[in-house]
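Topology and contacts: notes
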Amino acid sequence: MSFTPLIEANWYLAVLPEIILSCVGMILILWDAFFPKAKDVLAPLTIVTILAVILFQSPASGLFFGNTWEVSSLTRLFDFIFLVAALLATMLSRDYLRRERLEGGEFYALLLWATVGMMMMAKGLDLLIVVVGLETLSICIFALVAYHGRIAISNEASLKYFLMGAFATGFILYGTALFYGATGSTRIDGLQTAIVGGSPSPLVTIAFIMLLGGFGFKLALAPFHGWAPDVYQGAPTPVAAWLSVAPKAAAFIALIRIVSEVVPMASSVAWTTVLATLAILSMVIGNFVAIAQRDLKRMLAYSGIAHVGYMMIAVLLVRQDAIAAVAIYAIVYALMNIGAFGVVSLLDKNQNDPQTLDDIAGMGFSRPFAGLVLSLFMFSLAGLPPTAGFIAKFYVFRVAIEAGAINLAIIGILTSIVSVFYYLRVVYFVYMKEADESTPLPVLNVLSASALAIAAIGILAIGIFPSPFFRTAVQAASNILLR
Amino acid sequence: MEYLLSIILWFPLVGAVAVALMPKTALQAIKVVALTVSVVVFVLSVMILPAFDAASPDFQLTEQLTWIAVWGVSYALGVDGISLWLVLLTTFITPVVILSQWTSVKRYLKEYMVSMLALEFGMLGAFLAMDLVFFYVFFELMLLPMYLIIGIWGGANRIYAAIKFFLFTIAGSLLMLAGIIYLGVLSGRGGAPSFMFQDLYGLTIPPEAQTLLFFVFTLAFAIKVPVFPFHTWLPDAHVEAPTGGSIILAGVLLKLGTYGFIRFVLPIFPEATFQWAWLLATLGVIGIIYGALVAWVQPDMKKLVAYSSVSHLGFCVLGIFALTQASLEGSIIQMVNHGLSTGALFLLVGVIYERRHSRMLADFGGIASVVPLFTVLFIISVLASVGLPGLNGFIGEFLILAGSYGTFPVLTIIATSGVILAAIYLLWLVQKVFFGPIVHEENRTLPDIGRHEMLAVVPLVIFMVWIGIRPETFLRPMRPAVAQMLELVEARRNGEEILTIEQRNREAARHAMAELRKREAAQEVSR
């Protein structure tokens, strides 16, 4: 057995972003402990840290820590998604936390640590690293979902997520153990050696199904989606915004790594069929159930299930283009969904009450900016040009048609038609429904307004000038397939 | 002007942004700015005419930039004989609409004007595009302002109508998107992918796929036209839309369906077109008769005009799928005609509705003596719509019927009865509203047509007469493009080697050169 030294030269550069984020998280908590009056510093410090990490990404590239840790253009791209999501969530949360008198250093710290967890999931080439990252992330999520301690549904949501999440973790750990049993290693790329001649051992199959179930839970992929509507509804709205996009992106990158090892090696169609079935289930269940929702957060939760279905189409195709399509979709989805949740989080309501469609009635005229960006996010979610949502969907469907998965593309398009109905209903409430007296006016502050503006500009920029994003994504995707 | 088309395209959007930034209380200023922008766009679009070579069948004033390189999508603008008048119709109708609504928009005037200008941007983009994806972007983009226009400023049942309009159209166009992507993938097989019309026209599509794609595209455009039985959204949308919305909808938006047939369905899927032309022509004729019969029994003027649209557009569909030079020219000119005369009718119905808050035929009668000017304009528009010789409708219908007879004799004979039916229901309308005794006392004090409304209608009437008397002005520039389009379809049907238009031009040039040399050589010999 050859021994690879665990600590290589420049190892600290490979984990610099993680170190910075973790340390700042601790500083935030200490600051809050020592200077409880000076809460004004917390959010700006968080924002500056995130911006700094976005600007100065890890300078090293390559494999580290005994080839279990990858820093490449692909991981940078996903880091970017996590950081932008955290940035927007911070900007939206500050006002929300003030309004609810909840602000504390631990909130931002949890957000940063969760981001670290996601970065580990993206960079880990070894299932154990992925699992540790996943747990770091999950524990932060439990706390963040329950952060609004005064309201009952927040606690209930957290408990739900915790119990279900524990099961998911169990699945993933069990899958990892079986994986080790089958391949003699927990390295993801070790999987290829275990599949000889296209017929994997039953152990590998069970391990794969277990892992898929676990990640399916994190993705809110049907039929593992049951928790999502309740948890989003109960969580503080800015947390729900972040929760609906960032952890999904992290689970996607981990899943892509596994799938891209498995599917090309095992020619048996069954695995692709399993993935395709899950994608179809997600698109159908997500879109059809969303129609019935009047609570905005629940509607966005079901629409999120549908979007995961669209992304799964690309995941299961395993081509350079397909992975690039997932990456683009993840960025776009992060922007538009955080944006949509962001507008909902501005509704100044008693948190125990649901935020329904009636609450946004007439917003287009009473709060033109919020109404306009909300409509923009809806059109983007529906996939209409010239928004980024159109580009992202076009990309996925194009990859599917090119790969001959025309059935999937057709189901995707048919369910998209269904989705137009409920996204359009939001626009209908924003512009065509008169507000009644009791409708709360959204509270718009500089920070949350700029978060919405960033998301909206991002949506339009990717929608109108997608080429630079394509180049980055395609180049990044080549990493995973070439290795 | 090198970037004329880009300027025409983007100016309305710039105007929309400018209006959006104005304070919402500056009502007069908002109207003036919106009108000025739309008039400037019209003037700019008229400047296309001197630069346009009527003898050439190709796209002119073209501009091309790469937009999404990996997919082969371009920002490509151009006009040819087929789109020329539709572009001008769009720029012409928009100021008319803004003028016609000078005093009738009471709520959210600013947002209304922004929507109108954004709509103009969308329509122009669709007519000017030379790239299928670029076209598609605008085709969808138009839905949003139209949705808002119907949904915010429409009648009592506006929400239902707006959502129905949106969902019908989007269902068609999203399926078309799948077809578009497929075409792009197909064009990428032979090298770099491209969505430019010229490249798509030369694409060889496997027969099974061609039939499927034909129906996917046809469905999208048939919903837009709308062809029977996909028309049910149209009466709802028309009746509920505010006057301006109805005018734009009938005047321009529906034309995107027929334009789509000519631009995409015929040349990209020629084999399937030949195979299925009878079906579309039949549906067109059913639309003619059905629309006319339903219009006949409408008690509501606006509904009557809406159903007459279904009938009139049936002629366009028949003409397109008859696939002859005359019928195709007739269809294109009929699209413009329908925009003018139905636009005028909607406008005038809007005028009378504003005065009486009723559109029911039963609420009127004998008002010709009260509002003489209005009556004259209304009757001219009706006669144009009926197809009286000397007015525009006659030219269009005559060309369509004469051109279609050779291809579909029986259908054409049936369609001709639609002309008679149109005369019946439209003259019936005139009779009931304007003549006879005045039965309702409140009609005695109806004010005649106002200054702004007059300014809006009169230009429409001028063009109705112009097209009616001197159709050649309008037919001449479209002739070469139509001929080339038919030639392309014919060549594809006969299974000839498929060349892109550029290749064909090069071929033609080489041929001409060879001829010239031969002649020179002959002269040399004779000398």
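Residues numbered from 1 in each chain as written. Chains lettered and ligands numbered in written order. Predicted model: local features only at pLDDT ≥ 70, side-chain atom pairs only at ≥ 80, totals over all residues. Heavy atoms only, no water.

Attention shifts here to unusual backbone geometry. Residue A:Pro223 follows A:Ala222 across a cis peptide bond; omega there is 0°. With respect to the element layout, A:Pro223 can be found in the loop between helix H9 (202-219) and helix H10 (227-234). Phi at A:Arg101 takes a positive value of approximately 50°, unusual for a residue other than glycine. One can find A:Arg101 in the loop between helix H4 (73-99) and helix H5 (105-123). A:Arg101 gets classed as exposed once you look at its relative accessible area, which sits at 70%. One non-glycine residue with positive phi stands out, namely B:Tyr108, at about 50°. (Helix = DSSP H or I, 4+ residues; strand = E, 2+ residues; numbered from the N terminus. Buried < 20%, exposed > 50% of the residue type's maximum accessible area, 1.4 Å probe, protein only.)

Residue and element names in this part refer to chain A. With the rule as written, the count across this model stands at 18 salt bridges over all chains. For Glu103, the salt bridge identified is with Arg98, shortest N-O distance 3.2 Å. Residue class for Glu103 comes out buried when judged on its relative accessible area of 10%. (Salt bridge = Lys/Arg side-chain N within 4 Å of Asp/Glu carboxyl O.)

Residue and element names in this part refer to chain B. Direction of pairing for strand E1 (residues 60-68) relative to strand E2 (residues 73-79): antiparallel, over a ladder of six bridges. Within E2, the position partnered with Gln60 by the bridge is Val79. Two successive antiparallel strands, E1 and E2, enclose a turn made up of four residues, where Gly72 displays a positive phi of approximately 75°. (Pairing = 2+ DSSP bridges.)

Right, let's get into the state of the cysteines. Residue and element names in this part refer to chain A. With the rule as written, the count across this model stands at zero disulfides over all chains. With no disulfide of its own, Cys140 lies closest to Cys23 among cysteine sulfurs, the gap being 15 Å. The exposure class assigned to Cys140 is buried, which follows from its relative accessible area of 5%. (Disulfide = S-S within 2.5 Å.)

At the junction of the two partners, chain A supplies 32 residues and chain B supplies 37 residues. Here chain A meets chain B over a buried area of about 3300 Å², counting both sides, of which 82% is carbon and sulfur. Linking chain A with chain B are zero salt bridges, by the criterion used here. Counting across the interface, chain A meets chain B through three residue pairs in polar contact (both at pLDDT 80 or more). Looking at which element gives the most residues to the side of chain A that touches chain B, the answer is helix H19 (residues 406-432) of chain A, with 13 residues. A per-class count over the side of chain A that touches chain B returns 26 nonpolar, three polar and three charged. (Contact = heavy atoms within 4.5 Å. Buried area = accessible area lost by both parts, 1.4 Å probe. Polar contact = N/O pair within 3.5 Å; in protein donor to acceptor, adjacent residues only side chain to side chain. Nonpolar A, V, L, I, M, F, W, Y, C, P; charged D, E, K, R; others polar.)

By size, the foremost hydrophobic cluster in this structure holds 411 residues, and its most contacted members are A:Trp242 and B:Phe261. Per element, the largest residue contribution to this core is 21 residues, and it comes from helix H15 (residues 320-346) of chain A. Apart from the residues lying within four places of it in its own chain, the contact partners of A:Trp242 are A:Ala85, A:Ala86, A:Ala89, A:Leu111, A:Ala114, A:Met118, A:Leu137, A:Ile141, A:Leu144 and A:Pro247. (Core = buried A, V, L, I, M, F, W, Y, C linked by side-chain atoms within 4.5 Å.)

What follows covers helix H16 (residues 325-356) of chain B. Residue and element names in this part refer to chain B. An ideal rise of 1.5 Å per residue puts 46 Å on 32 residues; H16 measures up with 46 Å between its terminal C-alpha atoms. Judged by how many residues are buried, H16 sits mostly within the fold: 27 of 32 residues are covered. Just beyond H16, the residue with positive phi is His357, at close to 55°. (Expected span 1.5 Å × (residues − 1).)

Our focus in this paragraph is the confidence of the model for chain B. All names here are of chain B. With 96% of its residues at a pLDDT of 70 or more, chain B shows a mean pLDDT of 85. Within chain B, helix H23 (residues 501-526) has the poorest average pLDDT of any element, 68, and helix H6 (residues 132-141) the best, 91. This complex was scored by the predictor with a pTM of 0.90 and an ipTM of 0.89. (pLDDT = per-residue confidence, 0-100.)

Residue and element names in this part refer to chain A. With respect to the helices, strands and loops of the structure, Gln293 is situated in the loop between helix H13 (270-291) and helix H14 (296-317). Take Gln293: its relative accessible area is 12%, and that puts it in the buried class. When near neighbours in sequence (up to four residues on either side) are disregarded, Gln293 contacts Arg298, Met299, Tyr302, Leu357 and Arg425.

Bringing the environment of A:Phe465 into the picture now. Summarising the element assignment, A:Phe465 is placed in the loop between helix H20 (446-464) and helix H21 (467-482). Considering only alpha carbons, one finds A:Phe465 and A:Pro223, 242 residues apart in sequence, at a separation of 36 Å.

It is worth spelling out the pairing of E2(B) at this point. When you tally the buried positions in E2(B), you get seven out of seven residues, the bulk of the element. Both faces of E2(B) are covered, namely the face carrying B:Val73, B:Tyr75, B:Leu77 and B:Val79 and the face carrying B:Ser74, B:Ala76 and B:Gly78.

To continue, consider the packing of aromatic side chains. As enumerated under the stated definition, the model contains 58 aromatic pairs over all chains in all. Seen from their ring centres, A:Trp227 and A:Tyr232 are 6.0 Å apart, and the 90° between their planes marks the pair as edge-to-face. Exposure class is identical for A:Trp227 and A:Tyr232. Each is buried. Through a chain of ring-to-ring contacts, the aromatic side chains of B:Phe59, B:Phe135, B:Phe139, B:Phe197, B:Tyr201, B:Phe217, B:Phe221, B:Phe261, B:Phe264, B:Phe269 and B:Phe321 assemble into a single cluster. The side chain of B:Arg356 reaches across the aromatic face of B:Phe364, ending 5.4 Å from its centre. Above the plane of the ring of B:Tyr353 lies B:Arg359, whose end atom (NZ or CZ) is 4.9 Å from the centre. (Phe/Tyr/Trp six-rings, centres within 6.5 Å; stacked < 30°, edge-to-face > 60°. Lys NZ or Arg CZ within 6 Å of the ring centre and 35° of its normal.)

Inspection of the secondary structure puts B:Gly403 in helix H18 (residues 392-405). If sequence neighbours within four positions are ignored, B:Gly403 has contacts with B:Thr324, B:Ala326 and B:Ser327.

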